[in-house]
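Coordinate analysis (summary)
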Amino acid sequence: MSHSRPAVGPGDEQAAALIAALTARGETVAAAESLTAGLVCATLARVPGASAALRGGLVVYATELKTALAGVDAALLAEHGAVHPEVAAQLAEGARERCGATWGLGLTGVAGPAAQDGVAPGTVHVGLAGPGTRTLRLSGARVAEPPNRGEASFVTVRTLALRGDRDLIRTESVRAAFALLGEHLA
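Since we're looking at a predicted model, the values are computed, not measured.

1. Overview of unusual backbone geometry
A cis amide bond links glycine 112 with the next residue in sequence, proline 113, at an omega value of 10°. Following the sequence through the fold, proline 113 ends up in the loop between strand S3 (103-109) and strand S4 (123-131). Positive phi, close to 45°, is recorded for alanine 37, a residue that is not glycine. Its location among the elements puts alanine 37 in the loop between strand S1 (29-33) and helix H2 (39-45). Within the chain, aspartate 117 stands out as a residue other than glycine whose phi angle is a positive 50°. Looking at where aspartate 117 falls in the secondary structure, it is placed in the loop between S3 and S4. Taking the relative accessible area as the measure of exposure, aspartate 117 reaches 65% and is therefore exposed.

2. What about the nonpolar core?
Residues Val29, Val40, Leu44, Trp103, Leu105, Val126 and Leu181 are the most contacted members of the largest nonpolar core, which totals 31 residues. Among the elements that make up this core, the one with the highest residue count is helix H6 (residues 166-185) (8 residues). Apart from the residues lying within four places of it in its own chain, the contact partners of valine 126 are Ala88, Gly106, Leu107, Thr156, Val157, Arg158, Leu160, Ser173, Ala176, Ala177 and Leu180. With 14 residues, the next largest nonpolar core counts Ala32, Val72, Ala95 and Ala101 among its residues.

3. Digging into the side chain of threonine 123
Structurally, threonine 123 can be placed in strand S4. Within the structure, the side chain of threonine 123 is placed 2.9 Å from the backbone oxygen of alanine 120, a separation counted as a polar contact. Filtering out sequence-adjacent residues up to four positions away, threonine 123 remains in contact with Val83, Thr108, Gly109, Val110 and Leu160.

4. Here we look at H6
Each turn of an α-helix holds 3.6 residues, which means side chains three or four residues apart point in the same direction. With 20 residues, H6 extends 29 Å from end C-alpha to end C-alpha; this agrees with the ideal 28 Å at 1.5 Å per step. Residues Ile169, Arg170, Thr171, Ser173, Val174, Ala176, Ala177, Phe178, Leu180, Leu181, His184 and Leu185 constitute the buried set of H6. Buried-residue contacts for H6 involve helix H1 (12-25), S1, H2, S3, S4 and strand S6 (153-161). The N-terminus of H6 is capped by aspartate 165, whose side-chain oxygen sits 3.3 Å from the backbone nitrogen of aspartate 167.

5. Re the environment of alanine 37
When its relative accessible area of 36% is taken as the criterion, alanine 37 is described as partly exposed. For the pair alanine 37 and glycine 57, spaced 20 residues apart in sequence, the C-alpha to C-alpha distance is 9.7 Å. Setting aside its immediate chain neighbours within four residues, alanine 37 contacts Val59, Tyr61 and Arg170.

Thresholds applied
- Residues numbered from 1 in each chain as written.
- Predicted model: local features only at pLDDT ≥ 70, side-chain atom pairs only at ≥ 80, totals over all residues.
- Heavy atoms only, no water.
- Helix = DSSP H or I, 4+ residues; strand = E, 2+ residues; numbered from the N terminus.
- Buried < 20%, exposed > 50% of the residue type's maximum accessible area, 1.4 Å probe, protein only.
- Core = buried A, V, L, I, M, F, W, Y, C linked by side-chain atoms within 4.5 Å.
- Contact = heavy atoms within 4.5 Å.
- Polar contact = N/O pair within 3.5 Å; in protein donor to acceptor, adjacent residues only side chain to side chain.
- Expected span 1.5 Å × (residues − 1).

Written out as structure tokens, the structure reads:
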């Protein structure tokens with residue numbers, strides 16, 4: 001039986017760079033994932049030494065789990081549905097708070113092939129919550145004070161319009177999440 005190393009997967013180079021940067025800074029990351037269903041955490045965990053920086057994650061594929069596990073406001077979900085920029089922001093905050101991480105990533109979107117609640121396939125919202133040490137804000141950004149924390153924080157959301165099949169949309173969503181976090185670690 002052969003024990004060859006698996007081929008490098010999508011986002012592995014980005015993941016390795018993030019783990020190295022987070023470890024060097026003494027910081028951690030967690031994710032609350034809907035459309036990616038754990039792919040962010042799985043990709044980060046492929047990196048040797050990931051345990052120094054990866055706290056964990058929440059797979060919140062079902063809408064009600066976004067509230068139960070990640071703390072997303074049920075009224076927000078009822079009014080706007082699961083695929084909304086504010087949902088991504090709250091997923092990021094929930095991952096950061098519930099997993100005790102420096103940084104939180106939140107991903108929600110439609111991988112397709114069909115629309116969901118009137119939202120086109122390829123529509124993805126990636127949220128990032130982190131310490132309030134940066135002044136950079138991307139489109140859709142808002143400032144928030146997380147519950148039970150004495151430190152300032154920020155939340156930013158990037159909205160994507162991706163094309164491709166389900167696998168490509170999910171993979172590109174992971175890459176976008178890594179890029180967003182990477183920009184704030186630079």
